[in-house]
Amino acid sequence: MEGINFNQIGLSFKGSGSYVPDQVLTNQKISEKVETSDEWIKSRTGISQRRISGLGDNVTDMGYKAALKAIRMSKWDIETIDLIVLATSTPNDLFGSAPSIQAKLGAHNAVAFDLTAACSGFLFALITASQFLKGGNFNRAIVIGADQLSSYVDWNDRRSCILFGDGAGALAIETTNEFDNFIGFEMKTDGERGSFLNLPSKNNKDSIVDNIDFLRGGFSPIQMNGQEVYKFAVKEVPIILDKLLKKTNYVSGQIDWLVLHQANQRILDSVGDRLKIPRDKILSNLKNYGNTSAATIPLMMDEAIRNNIIKQNDIIATSGFGAGLSWGAALIKWG
Ligand code: UT7
């Protein structure tokens with residue numbers, strides 16, 4: 001920690017970036033498609049509109065644009081980036097989209113790979129990158145969260161289609177031997193409850209030759225038990241954040257900003273209340289973007305950093321949660 005004789009590898013946050021597609025889908029527009037209303041969606045979720053990728057932007061494009069902004073803020077020479085981790089559940093190449101982002105950036109010296117953990121994806125990617133950096137093998141990493149759930153939403157299912165949108169965000173992190181702004185983390189999964197939220201494969205039987213069948217790959221739309229996911233989030237997120245605070249010797253009063261996965265305003269408020277964190281410290285932009293899955297946390301952070309809400313040395317408690325089920329938390333200091 002700062003002020004103490006520091007002889008290990010610490011991390012410093014150097015930049016942030018985000019990108020959302022241009023197309024705006026308002027609640028009003030959704031109500032032309034399914035039986036719902038602006039009033040219902042706003043009061044149950046806090047969401048007013050979301051952005052939808054059209055033909056123009058896929059996950060690689062969105063992730064690239066967010067990453068480039070983070071790199072510009074960090075003022076890094078692109079050749080000095082060692083690692084790119086892309087959190088996504090909707091790659092435009094199932095073999096991995098991170099290397100295409102590496103190529104678009106011209107980050108020739110980096111290794112790039114995808115990581116899938118749905119709405120916890122960015123947090124898990126951040127933790128993964130932090131461990132590579134602290135392990136001493138790499139010095140500079142870009143962590144990206146990008147998702148295009150609009151391609152997998154059942155737009156006839158009013159219980160889920162109202163929630164999701166598309167977008168991307170990224171953070172630039174580097175090692176330092178002077179302090180450690182990555183204070184601690186916790187992460188968990190529970191596959192037993194995995195059926196609450198899925199984007200399952202849908203395989204159609206086909207034949208290669210006589211008597212040799214195979215399953216042609218594809219996916220069914222998102223299936224969600226909203227009430228169970230809601231209950232899971234408001235129970236587990238405060239528990240894991242509390243555990244993290246105790247482990248790192250912090251108390252909730254020291255948190256400047258709570259940056260939760262932007263799923264539902266009622267979830268954000270409930271988690272804040274349980275941790276006794278005042279509402280004005282809970283950052284929220286889901287009104288404008290809905291749930292952008294792996295993108296919500298860096299999208300929120302980038303907006304707050306660029307608007308000078310999150311400032312140098314602010315303490316940020318962040319938590320991602322969602323399909324898997326998966327959830328996690330990290331405590332960081334900005335800068
Ligand atoms: O990253 C994690 C992603 N997932 C989540 O975050 C989901 C967490 N869950 C939620 O956010 C909430 O459960 C929802 C917003 C999805 C649903 O809100 P709810 O208050 O849990 O509603 P509900 O499922 O209990 O449904 C209440 C009523 C039902 O009608 P009946 O059976 O009481 O007559 C639904 O059919 O609201 C109805 N309903 C709707 N009505 C108008 C469900 N969706 C809609 C809709 N518009 N879009």
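Scroll up to find the structure this text is about.
Residues numbered from 1 in each chain as written. Predicted model: local features only at pLDDT ≥ 70, side-chain atom pairs only at ≥ 80, totals over all residues. Heavy atoms only, no water.

Asks: Which residues make up the pattern of salt bridges, and what are the values?
Replies: Counted by the stated rule, this structure contains 18 salt bridges. Residues Asp242 and Lys246 are paired through a salt bridge, measuring 2.7 Å at the closest nitrogen-oxygen approach. Within this pair, Asp242 and its partner Lys246 are both found in helix α7 (residues 226-247), separated by four residues, close to a single helical turn. Among the residues examined, Asp242 registers a relative accessible area of 32% and is labelled partly exposed. Through salt bridges that share partners, Lys14, Arg140 and Glu174 make up one connected network. (Salt bridge = Lys/Arg side-chain N within 4 Å of Asp/Glu carboxyl O. Helix = DSSP H or I, 4+ residues; strand = E, 2+ residues; numbered from the N terminus. Buried < 20%, exposed > 50% of the residue type's maximum accessible area, 1.4 Å probe, protein only.)

Asks: Please set out the sheet that holds strand β1 (residues 10-19) residue by residue, giving values where relevant.
Replies: Ordered by their spatial adjacency, five strands build an open sheet running β1-β7-β6-β4-β5, and the pairing between neighbours is mixed. Looking at strand neighbours, the two that pair on one side only are β1 and β5 (111-115), the edges of this open sheet. The sheet shows a mean angle of 20° between the axes of neighbouring strands, taken without regard to direction. Sheet topology places strand β4 (residues 83-87) next to strand β6 (residues 140-148); five bridges connect them, and they run parallel. Its bridge partner being in β6, Leu83 is matched across the sheet by Ala141. Helix α3 (residues 59-74) rests against β1, β4, β6 and β7 (166-176) of the sheet, and its axis sits at about 130° to β1. Where helix α4 (residues 98-105) meets the sheet, its contacts fall on β4, β5 and β6, and the angle it forms with β5 comes to roughly 140°. (Pairing = 2+ DSSP bridges. Axes fitted to C-alpha atoms, helices over the stretch in contact; angles between N-to-C directions. Contact = heavy atoms within 4.5 Å.)

Asks: Explain the side chain of Thr45 to me, and be specific about the residues and the numbers.
Replies: Considering the arrangement of structural elements, one finds Thr45 in helix α2 (residues 38-45). Polar contacts involving the side chain of Thr45 include one to the main-chain amide nitrogen of Ile47, which spans 3.0 Å. Here Thr45 is in contact with Ile162, Leu163, Asn264, Gln265 and Leu286, once residues within four sequence places are set aside. (Polar contact = N/O pair within 3.5 Å; in protein donor to acceptor, adjacent residues only side chain to side chain.)

These figures capture arrangement, not role.
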